[in-house]
Structures are given as structure tokens and as C-alpha cells.
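Tertiary structure, described
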Amino acid sequence: MAVFDTPRDAFGALRPACVQLTRVQTAENVCRLAARLAAVSGPALQELQEYVLFPLRFALRAPGPRRERVVESAVRCITSVLAATAVRRPELLQELLSELCACLSPGPAAPAEDVKLAVIEALRTLLHSASGDVIVCLYQPRTLPLLGCAVSLLLRLAERERAKQLKVSALNCLQVLVLQCECQEHQPLGDDEAQRCGDLFASFLPGISISLSRVVTGDIKQGHKPAVAAIRLFYLIVGLVMADAQLARVPKSKEKLPEKQSRISELIIHRGPDWSKSTAENLSVLLSKMVEFSSVHPHWKVRLELVELVHHLLRNCSCSLASSFTHLLKALVGLVNDESSEVQSRCNEVLQGIAEQRIIAQSRALADVLSENLHSLATALPRLMSSQDDTGKVSTLSLLLGYLKLLGPKINVVLNSTSHLCRLSKALMQVLELDVTDVKIVEDRRWGCEGSLQPGAQKGRCQRKYFRFFTEEKVFQLLQQVCRVLGYYGNLYLLVDHFMGLYSESTMYRKQAAMVLNELIAGAAGVGVDVLQEREVSPSMDDLKGSITSILDEYTDQANWYLITSIDTEEVSHEQHPVHHAGLPARPGGMCSTILLPSPELHATTRTMNSNIWQMCIQLEGVGCFAAVLGMEFRLLLLTALYPVLEKAGDKTLLISEAALGTLADMSEACGYGSVRRLINDNSDYLVNGISLGLRQLAQQPRASRVLDTMLRHSDASLLPLVEDVIQDVLSTLDQCYNSQASTFLGVLHSLMSALVQWFGSSCSEEQQQQSTECQGRTSSPRPQAVTTRDMEQFFLNYIRQKQIAEGDVPDSEDEEADEAPPLAKPEPNNCETEAAAPLPSHAQLAKDVLGRCIHLLSDRSLHVRLKVLDVLELCVTVLHPHRNHLLPMAHRVWPALVTRLISDDPLAVLRAFKVLCTLAQKCGDFLKPRFSRDVLPKLTSSLLSQAPASARAGPVYTHTLAFKVQLAVLQGLGSLCEKLDMGRSDLNEVADACLIYLSAKQPRKLQEAAQSVFLHLMAVDPDWTWLLLTETCCPHGYEPPHTSLHPVKLGGMGRQRNELTDNVLLLLERLRQRESGAQEPPP
Amino acid sequence: MALPPPDPQFVLRGTSAAVHTLHFSCGGQEPDVPVLFSGSENGLIHVWNLKTHRVDTALDGHGRKSVYCVETMGGKNRLLSQGRDQRICLWDLAEGRTAVMDSVFMENVGFCRCSLLMVAQGRWLMAMAAKALEEVQVLELPSKTSVCTLKPEAGAKLGMPMCLKLWQLSGGSQPLLLAGYEDGSVVLWNLSMGKALSQLACHQEPVMSLDFDSEKAKGISGSSEKVLSIWSLNEQQNLQVYKTHNLVNAGISDITIRPDKKIVATAGWDHRIRIFGWKKLKPLAVLDYHTATVHCVSFSNHKNPRERLLAAGSKDHRISIWSIYTQT
């Protein structure tokens, strides 16, 4: 485009336009010149720079009222000239500067916005076009007034103008003027130059900073750009003038300027200590205002700029502006959680940078500021936490966390001050206060033995806690981080000591202190802690171990570990001992749910119990956490830690047992045991030791038995030798106190026996099956396939013989009992012989020992104990049954007591005892036959008979009564009993008689079915007899004799009216027919 | 009212046989774990780690015959054990080895425990019952050369030696031997002259165990009767009865004076461990835990007094560990 390359050509082209403009200053003329200029090349224009500028400047200075169009176009033209050329003469620069400034001067005839904009643009271009050495000349003390004028004009624009663009460009221009332009054309200032400029700008600092702060805190509607620009300018200028590096080099006394500049020298400021101190104070006020305003500015760019401000000032002025950092750091730390991710990430970067450069660590002043902030925040924390909403809490806490993180290793300075530590810890104690009003926690119980460990089912995760002052999970996480960061940087011994002090100081703080301690340790080990800088020295394993050991000792101390967590503390046997809880108004079962108006006293206890439960859980979590921290090293602590945890795993309160199981999972993982089962198995020696010692003290017996219980439930047969050892202890302890502790120990014995059944059950049941198949074989094999006349003959012969025997051909019927046993034991003769020689396997020996104790306890006064004994008894029989030689004598010893239970006890006990009887019969076979038919059967049948009318009459509610359950159980069991014991005819008659009435349609459905089952079993024993019996009651069709020589068959049931029994009898006969199916006809 | 007797601090299980002898070795420096050696009826010597309370190794060197004496020679890496297979084995346990380096065959079939005394660095004297019924033989270890054989005068009718205790005055070069005999008498022997210096009939029954405090020149012995006998040695090397103490139940199987000479522990046939003050034999405690005869008691030699322990081994297969230092 450049047409005129040489100055000569250009001059020729431009001259007319210049002359014209000089003569008449109109916008058109200016435009013409501008058009010509466009065709002139840069180098050529450079030569003609001043020539061209002259008419333009003249146009600006023209006397008389200013014509805006002319001014504007002239300014634009100047701008274009300056953009293409460089200003090489300092005087020109100054002149132009002052002339342009004059255009902006306020007055009655203030220029229009466009003009101002153009002028500002021109100024900016001017400053950029000045070459390096030229521009330096501008910043001399003598130009100070000029600069001051420009600065104030620009500030005025920035502050007063409405137009956003104008404001922004004024600020940008100012930025260039104070040599903080971000464009590349400017070379960075050398140290000396910067120092000189700093001296100069110091004069403007008050004006600039006040105006800028006004801009920043001005109307929100002005948009974010002016604010951003103002903040940037602010920190640039402050960062320059107040730079630590510069202030450090300021000479003690003010420099003397040459004489003639004395007036100017008054304007120059000496940045001595006094000045910097007072300036810092003033700035601090401004900064706090700005920070306060812009940290909540709706636009994120403003907040981002604020981060930059803090960063810049922190980097350059950390000493001179120390007092301002209270606000600055607060803002910075607070912005970590900004909603804008840009701000967040930048903020984190800055924090990271601060930490990495150890700005805080090196500056005492900053550390002091931070610790002061921390102190005041800690003081306000409880109040804030109770008054703020959740977002407010989050920001407050992230502030706290930020301070701690920033302090980093300097935390110790803070912690060493007692008042700081106290404030902080008290604040944590109050904030972490748990909500302990939930009744459900106390109510939730662990029932039975379903608490066994599903492998890997529960990792040791924390239970959700409910806090008094917040609900948000995020808040808790922040608090957790706070504690961990403390642990990470802080002096572990000091902290642990302090919080242990709080722990033991008051029950109010105990839970919180434990929580904090747990997190401290995690933090100290660097687990799950998020920090800005690495600590210098991490605590050694020995330190950790030392701290953990002392905490662990405190946790598991009797006073802190055995807390009242439920009313029915240990025993379920409260039914028998209501005296124990006489002071309490209600039975545990209905304690909280059924009472409409709980008394205040009860309420309080619920509260404490809830609190205790939580404390337990927190402590258990702590143990898990310690294990995770120490890893394999924790194995050594298992000696002391495993037993108490296991104690809690058997706790009746659901929450505690869950927490303990979680802890066990943590421990097994930390110590490298694959599973909790292995953890328990491998450390059973420790447990057994604890149990055996625990058993020695009456008060600890229930707990010891609970551990044993848990241990048994979670381990396997490999444990047997150790278990045996401790069970001997249990038994001997039991022997010493049958009265008081029987119930507790029965619990243990029960779980022992169930464990044995489980461990050795397969071997038991195998033999059992073998036996039962044998049994079946025996009963079914002799049955002929078809009846021939020979068979029939044989049958009658046998019958006669049997009858003779029955009538007394056998001399001594009493011997029968004794005689019977040996042949009946014969089915497994090999087994018997080997057993007699070989000692009993240890599990069977255990079962035998336990069985021996059970005999004594069968007649205990407490029903509860009796019921438990019966359960244990049944299990013992199951375990012992492969060893008949041992089982039978024991059965003999058990018998009298069992009979008493069966015939004269509470129905509940009868029910249970009958179950035991069935099991016993199954295992012992016909060894029991005479005893049963002599001692028990009459009683059973008579009770069945006497109860029948009642049940026949009863309504539907009857099926829920105990009487019904006993009836049902007896009917259900009786059939198989008869079969197993191979009962004699007369006994069978008795049974059949008693059961027949239950076939009545009037009886409840279930009883009818049970009665049917009895007859089905009877069919298995003796089908013919059963058939006869049934047909006596009801016979659907007649029978023709096969031969005329035989009498016609006359059966009792023939031709009877249909009655209540008919349906069931017909059904049974049909089943009998199916059973005897094939070619076989019913016997005549 | 007196405090209830304490519980054991820990009970070691797993020897699966009656425990006959115990010996602590806790003197090592820090990384060294304190250990307890136990010898049991099934011929095994168990090395218990007292940090983990578990068996580190089980040494099998007596052909499954009962081990009834275990001693360390210097550190815990050199071990001497005596078994019913009539052998005294010297073990090298350094760096995890479990080898019998050397052994001495005893011709005596009794169950008199041998006694060991270090006379110089790497030189020990060992007294043991000799082949002849009433004799005691003293050997030098590790060379196994016989130093002397102590024969009672003809017609003394002491019976078999039951327990031995070699001792010497601190720094004194003259090792002496105290031996308890079947007839209930305790005899002081001079090894260099090979002759009895003094004889004292302490008990009616065989002396089961004795221990001697060379500082106070006072010893204590127990037998199968209900009496503990304390005797002293005067300057003329004469033994004289100082005091007797009557027990409730008869039978003492082991007596040990604590290394600091403040208390004495006895292992009783009545399943109990008794603790007495050594000065006046004041009964201090009855430790009741075992369910069968206690065979042996032993004090640990740990450097830190708070970690010193008492161990007792019993016929019920258990070893109970007691921490009585903090309580007495």
C-alpha cells in the first residue's frame, strides 16, 4: 500500500495537506492528511514525524473554543502517526504527553466520551512508541508534575466515567504509564530503574490506591472488567512501590536534589521505614475493603484477579504489607472452595506455590498473622458452626483447613502456644459433638448368631455418625482433614498428649477426643491426608507405635472399654432375676418402644447409653485405623488389642458388634491375614489366654465367655486343641458356680457344641445316614413280594409262637431289658470293639464332659437355664453319637432328669425336652425303648388323650397357644419315635389309641396332619396291624374269603356311619394300599 | 484387707506336655528379643519369644525323653539341657541353628538337676550326679574334663544327691558345691579338696530343691514335707539351721531366690506358687493359677526391672508368666 517510500516523495505528498491543516484546522483537513499518511511508508514517515505532527498538535492547541471533531480526528491521526513511528526525542514525548493530557483536562467543556477514548488511545500509543532510553527520561523527578497530572487525569476517568470501555482503557493506559504494561515491546526495568520509578510512583500511591479501591468497590453494575483492571493495576503498582526488595535498598536519608528542583524535591517521597509503615497501614484498610468486596464478587474473573493480587503481593511485599495478610490469606484460603473451577485451580496453584517456596516458613510475620487468624477463627468456630448453614460451615471449615495447610510445618509454633492449642482443641470438641438422642441405636440388637463373618462382606468402613451441629458429610470430611493435617505436621507426642488429656478430662469430650486422636494418627502416618507441602521429617515407626500403644492402652482400659450400653447388660436371664434391675421402670424388651411417656430418668439413661455406644464405635474404629497405620507392625499389638475387640464383636448392641467386626476386618487386612477367620485362628493363643484369665474373675466371666463364643463362631476345627484347653477352664469355673453363672456358660457351651457339630458334623451325619439306610434295609428287606399259602402258614405259626411267649413262656421278663441291649447294639460290632480300645477323640470327649455338666443343670431352678441345657444336650448327643459306647451310658444318666422335664415341667420345657428325646431316640435307637415305654409313653398318651377334647373344641386362636404346640410336637415326633425305638405291640396300641382321636375332623388341621404322620410311621413298623386298626374304625368295603372253609371276615368298622374320623382313615388306608402296592393283596 | 492375688500376666500354652524346667534369657541388647526356654516331658525344648508370647523354635535332642534342666551358657545362643535319656546336650543356637554341638553321657539314672557355674570367660564348671549312687561328679566345660568326684564318707548313708548348687563368693576363686540328698541333709563340698566341709540334716524327707544366697551366706531348701528350711553358713564354713517355715500343703518341687535377693519363689505340689520375702521369709503372695503340680519357677534377668518376670511351669502343660516386680 505504501506508495511513498522515500522521505522526499512522502514530503511531497504530505506537504500540501500539512500546510492546509496549519491554515485551517478542520476535521476534513485532518482527514485529508490522514488519508495521505496512509500511503506513506513507515521509515519515510519516521523522517517526517515531527513535521507531520506539527500541524496536528497545532490543531489541538488551537486557541479558541475547542472543536471536538477536530480534536478527535487530530488525536486519531496522531495516534496513527505514532503507531507507525517511534518517538526518539524525550522533549517530544513530554510535549505530546502534556498536550494530550490537556485534551482530557476536566472543565466546563469536558470532551465527549469518544474524544476521551481517542485521547487515551493516543496516550497509550505514545507511550508504546517511545523507545527505551527515551521513555526512561520521562521518569525523572523533574517530570513529576507532568506525570502526576497524567495519572490523576486517568484516575479521574477511571473513577468518574460511566462508560465501561472508557474506564477500562483509562486503567490500561495508566498501567502503561506506570511501566507495568504486559506487552512485549517494553523491556523489563533494571533494578536501579525500578528503584527510581518506585521512588517516583510512591508519590502517586495514595491517590492511585484510593481511587482504584473505589473503582473496585464501586457499583457492581459496572461489570467485571473495570474491577479486574483496577485490581490488577492495584497490585502491580503496590507491588512495585512496596516491594520488599526495593524498600530494603532505600537509603537511610533522603537524597539531595539539585537546588533548582527544590520545589519538586518536596514532592518526592522518601520511602523510609516510617513512610512504609504508615503506608502499609493505610493500604491494609484499603485492601481489607477490596478483599471483602471482591471475594464475593459475582463474576469469577474478579475473584480470580483477587487470587492474583494475593499471589503478587505475597511474593513481592510479604514483609512490608504483613499486616494486610490477615485479610489476604483469608481471602485466598477461602477461595479454595470457589464455585468456579478456574478460581479453585488457580488458587490451589498459588497455595502450592506459596508452600513450595516456603514463604510462610521463612517469614515469621506471616506465620504470626496466620496463627492469629487461626486463633480468632478457632474462637469463633463453635458459634459459627451453630449459626451458619451448611455451606457457611463448609467455607468456615475450609478456611480453617487452609490456614493449617498454609502453616504447614509452622503449625508447631502455633501448637506450642497453650492458648492456641486449647482454643483449637476446644473448638474441635464442640464442633464434633455427636447427636446422641437417637433411641434406635440403643434398641438395635444383635440377635442369635447371624453375626458370623461373611468373607469380605464388610470392610472396616465407618458408620455414619450424626452430629449435633451439622448433617452434611462434606463438613465431616473437612473436620477429618483438619485433624489429619494437624497430625501430619504437628508434633505427635504433644498432640496425642493434649487430646488424651481431653479424653480423660470429661465424658463430654471423650467421644470427640477419641475421634480426633484417631484422625491424628492417620494424619501422622500420612494416610488420606491432602497437604500442600511435604513435611520435613515424618515420624518414625517407633514414634507412631509409641503413641498408638498409649492410646490403645487408654481405650482398652477397663473404665473406658466397659461401658453400659444397654439395660440388659449381659444376661438375657433377666426374666428370672428382675431384682437386678429393680430400679428401672421397664423390661428391656419393651423399654423404649412401648412406653408412651418415658420418664426423664430413663431418657437420660438412653442418652448416656447412646453416647457410650458411639464412644465404643469410635474407639473400635480407632483400633482399626491404628492397625491400618502400623500394618504388619500391628501384629505385636494383637496381643493386647485382639481380645477386647473380639469382646465387642460379641456385643449385643448391633452398632458395636458391627463396628467391631469392621475393626477385625481392618486388622486382618493390615496384618496380612487374608481373612478374619485366619486372624482369629492364627492368634487364638492370645485369645485363649485372655479368656482363661477372664474366666478367673467373676465380673469378667460373661465377657470372656462372649469372646469365646465369638471365637468359636469365627474359626474352625484346627482350633480344637486350644479350645479344649480353655473349655476345661470353663467347665471347672462352671463347677464352682452353678448357681450364678450357669446361664452365661451355657451360652458358651451351646456355641461350643454347635461349633463341634459344624466342624465334625459331616462325620456324624455320614454315620448317621449309614445307620439310617441300614435301618431301612432292615425294616423293608424281610417283606415278601407276594403272599403264598406257605407264607401264610408260616405267619400263623409264628404268630402262635409269639403269642405263647407273650403269655409268659419266657420266665423272667425283667431280664429282658438287660438282655435286649447287647443284641441291639450289634448292628455295628466292629465299631464298638475299636472304640472300646481307642481313646475318645477330643471333640467327643469334650461333648461327653459337657453332657456330664448338663445332667446336673437339667433340674436347675430357672426355666431359662433348663431350656438352654436341653438345647446343649441335643447338640452333645449329636456330636457324641458315633461313639455308642460312650453315648449309651451317658444317655442312661441323662434319662431320669430328662423324664422329669418331659412329664412335669413347664410346657416350654416339655416341648424342648421332647425334641431332645426325638434326637436321642434317633441316635440311641432301641436302647431307650424300655425306658421310653415305661417312663414316658403313658404320660404322653394320657396327656394327648386329655388334651384332645380341648383342642377339638377350640377356636382358631388355639393354634397360637403353648398347649397346641406341645400337642403338635408330640404328635409329630411320636411316629418316628415309635419307628426308631421299634416299639412293642402294646405300646403301639397305646400310641394308636391316643392318636386316633386326633384324626377327627374336628381337630385343628395341623393336628390331623400330625396324627396322620403317626399312623404313617406305624405302617412302617407294622402295616398289617395298622390296617386292622384302621379298618376297625372304618372299613369302606367288604372282603370275600378266598375259600369257603374260612369264615367270612367281620371287621369292626364295616358298615359304620360316616363319622368325623372317616375321611382321615380312608386317606390313610389309601396310603397304606399304595405302600403295599404291587401284586400283594391286603391280608385277609 | 490384702489385695486379691494377681492374675498371671500371660499363660504360655502349647507344650502339650508337662513342663519341667524353665530358664529366662533376657539380657541381650535391644534388637534381641527376650526369650524363655522351657523343657517338657515330651523331650522338647521350646524357645518362647517373650514379645509375641509364641514358640520361636522347638528343639528336639533328647529322644522324646523328658527334659528336666535347661541352662544358658553366656548368651542365649549357647544352651545346656539335661534329659532323661541320660544325656546333657550343649546346643549352638546362633543364627537360627538348632544343632547339638556336644553332649555328655550321664551314668546316673536319677533326676538330679545339674548345676552350672561360670568360673572364667568361656569356662564353666558343671556338677552332676555320678554313676555311683551317692557320688557327685564335677566336670569342666566345654572341655568335659573331670575336675573331681565327691564321695561321701563311707557309712554316711546320704542316699542319692537330689539337687545341686555350685556357687562361689564374688571374685573368690574357690567354687563350692551345695548338695541336697535323699536323706534330707544338705552338704557343703569343697571342690579342690574334694571333701565335705559341713553337713546339715534339714529335712526328714529327700531335699527336692535348694537355692543359696552367697551374699548373705544363707540358703533355703524344700522337700516333700510341709517345711521350708533356711540355713546359714558361718565363717567356719559350717551349715546351721537358721529358721524353718511351715507350709499348709506338703511338697516343694522348686525354689528360686530372685537375683536381687529380695524375694523367694517356691513351686508347690499343691498347684500353687508362693512368694516370700527373703529376709524374714515373710509370706507375700500365693499365686494360684495352675491346675496341677508346679514343677519349676524361674526369674528373668531382664535389664529393665519393670520388665522382669516370674515364670512357672506345671504338670498341666502350661507356663504362667507373672509380673510381680511392679506389685511387690
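Positions within a chain are numbered from 1, following the residues in the order the chain's sequence is written. Written order determines the labels here, with chains lettered from A and ligands numbered from 1. Residues qualify for local features only when their pLDDT is at least 70, as the model is predicted, and side-chain atom pairs are given and counted only at 80 or more; totals for whole chains, interfaces and linings, by contrast, use all residues. Computation of side-chain values covers all heavy atoms of the structure but excludes hydrogens and water.

1. Let's talk about the overall build of chain A
A helix here means a DSSP run of H or I that spans at least four residues, while a strand means a run of E at least two residues long, and both kinds are numbered starting from the N terminus. Along chain A, the regular secondary structure elements total 50 helices and zero strands. It only takes one pair of heavy atoms within 4.5 Å for two residues to be counted as in contact. Expressed as a percentage of contacts within chain A between residues at least 6 apart in sequence, the contacts between residues at least 24 apart total 78%. Using a 1.4 Å probe, accessible areas were evaluated by the Shrake-Rupley method; residue-level cover was limited to the displayed protein chains. A total accessible area of about 49300 Å² is found for chain A, and carbon and sulfur atoms account for 53% of it.

2. Observations regarding the confidence of the model for chain A
The predicted coordinates ought not to be read in detail in places where the model reports low pLDDT. Residues and elements named next belong to chain A. pLDDT: the predictor's confidence for each residue, scored from 0 to 100. Confidence in the prediction of chain A, expressed as mean pLDDT, is 78, and 86% of residues score 70 or more. Here helix α39 (residues 815-825) stands out as the element of chain A with the lowest mean pLDDT, 43, in contrast to helix α26 (residues 492-505), whose mean of 91 is the highest. Counting interchain partners and residues more than four positions distant, the pLDDT-below-50 stretch residues 569-602 has 30 contacts. Per-residue pLDDT stays below 50 along residues 813-836; that stretch engages in 18 contacts with residues further than four places along the chain or on separate chains.

3. As for the packing of helix α21 (residues 390-407) of chain A against helix α25 (residues 473-489) of chain A
All names here are of chain A. Their axes nearest at 9 Å, the elements α21 and α25 cross at an angle of 10°. Of the possible angle classes, the one that applies to α21 and α25 is roughly parallel. Between α21 and α25, the contacting residues are Asp390, Lys393, Val394, Leu397, Ser398, Leu400, Leu401, Leu404 and Lys405 on the first element and Lys474, Val475, Leu478, Leu479, Gln481, Val482, Val485, Leu486 and Tyr489 on the second. Residue polarity follows a fixed list, in which Ala, Val, Leu, Ile, Met, Phe, Trp, Tyr, Cys and Pro are nonpolar, Asp, Glu, Lys and Arg are charged, and the others, Gly among them, are polar. When its residues are assigned to classes, the contact of α21 with α25 shows 12 nonpolar, two polar and four charged. Every axis corresponds to a line fitted to the C-alpha atoms, with the helix fit spanning only the stretch in contact, and the corresponding angles, defined between N-to-C directions, vary from 0 to 180 degrees. Here roughly perpendicular refers to angles of 65 to 115 degrees, roughly parallel to angles under 35, roughly antiparallel to angles over 145, and oblique to all remaining angles.

4. Description of the side chain of Arg303 of chain A
All names here are of chain A. Structurally, the position occupied by Arg303 is in helix α16 (residues 300-316). Three exposure classes are used, based on accessible area relative to the maximum for each residue type with a 1.4 Å probe and protein chains only: buried under 20%, partly exposed in between, and exposed over 50%. Taking relative accessible area as the criterion, Arg303 reaches 4% and is therefore assigned buried. Identification of polar contacts relies on pairs of N or O atoms within 3.5 Å, with a donor-acceptor requirement for protein atoms, meaning one able to donate a hydrogen and the other able to accept it, and with residues adjacent in sequence counted only if both atoms are side-chain atoms. Polar contacts involving the side chain of Arg303 include one to the main-chain carbonyl oxygen of His297, which spans 2.7 Å. For Arg303, the residues in contact, after removing those within four places along its chain, are Ser294, Ser295, His297, Pro298, Leu335, Asp338, Glu339, Ser340 and Val343.

5. Side note on unusual backbone geometry
For residues besides glycine, phi is generally negative; the peptide bonds are generally trans as well. All names here are of chain B. Cis peptide bonds are those with omega within 30 degrees of zero, and the linkage from Leu141 to Pro142 qualifies with 0°. Phi at Gln86 takes a positive value of approximately 65°, unusual for a residue other than glycine. Position of Gln86 relative to the elements: it lies in the loop between β7 (78-83) and β8 (87-92). Unusually for a residue other than glycine, Gln237 sits at a positive phi of about 60°.

6. Examining helix α28 (residues 541-555) of chain A
All names here are of chain A. Take the number of residues in a helix, subtract one, and multiply by 1.5 Å to get its expected span. Here α28 spans 20 Å end to end across 15 residues, near enough to the 21 Å set by a 1.5 Å rise per residue. Every buried residue of α28 is accounted for by Leu544, Lys545, Ser547, Ile548, Ile551, Leu552 and Tyr555. Down the axis, α28 shows its buried residues gathered within 165° of arc, on one side only. Directions are taken from the helix axis to each C-beta atom, and the arc is the one they span.

7. Notes on the packing of aromatic side chains
All names here are of chain A. Two rings from Phe, Tyr or Trp (for Trp, the six-membered ring) form a pair when their centres are within 6.5 Å of each other. A pair whose planes differ by under 30 degrees is stacked, one over 60 is edge-to-face, and the rest are tilted. The full count for this structure, using the stated rule, is 13 aromatic pairs over all chains. Note on Tyr555 and Phe626: the rings are 6.0 Å apart at their centroids and 20° apart in plane angle, and the pair reads as stacked. Taken together, the residues Tyr555 in helix α28 and Phe626 in helix α30 (residues 600-630) connect sequence positions 71 residues apart. Relative accessible area serves as the criterion here: at 0%, Phe626 is assigned to the buried category. With a centroid separation of 5.9 Å and 75° between ring planes, the pair formed by Tyr958 and Phe964 is classed as edge-to-face. Considered together, Tyr958 and Phe964 belong to a single accessibility category, that of buried residues. Through a chain of ring-to-ring contacts, the aromatic side chains of Tyr139, Phe201 and Phe204 assemble into a single cluster.

8. Looking at the sheet that holds strand β2 (residues 19-25) of chain B
All names here are of chain B. The pairing criterion for strands is at least two bridges between them, as found by DSSP. An order of β2-β3-β4-β5 is seen for the four strands of this open sheet, with the pairing classed as antiparallel. Single-partner strands in this sheet number two, and they are β2 and β5 (54-60). On average, each strand axis in the sheet is inclined to that of its neighbour by 20°, with strand direction left out of account.

9. Digging into the UniProt feature "repeat: WD" (unreviewed entry) in chain B
Mapped onto this structure's residue numbering, the UniProt feature "repeat: WD" (unreviewed entry) falls at residues 200-241 and 287-328 of chain B. Taken end to end, residues 200-241 of chain B is 0% helix and 60% strand, and its first and last C-alpha atoms sit 8 Å apart. UniProt positions are given in the numbering used here, feature names are shortened, and annotations may be inferred rather than shown by experiment.

10. Section: the interface of chain B and chain A
Facing the 14 residues of chain B at the interface are 15 residues of chain A. The quantity reported as buried area is the accessible area (1.4 Å probe) lost by two parts once they are put together, taken as the sum for both. Both faces considered, chain B and chain A share a buried interface measuring about 1300 Å² in area, 41% of it formed by carbon and sulfur atoms. Here, a salt bridge means any side-chain nitrogen of Lys or Arg that lies within 4 Å of a carboxyl oxygen of Asp or Glu. Here chain B and chain A share four salt bridges between them. Across the salt bridge formed by Asp725 of chain A and Arg13 of chain B, the nearest N and O atoms sit 2.3 Å from each other. Connecting chain B to chain A are 10 residue pairs in polar contact (both at pLDDT 80 or more). Tallied by class, residues from the side of chain B that touches chain A come to five nonpolar, three polar and six charged.

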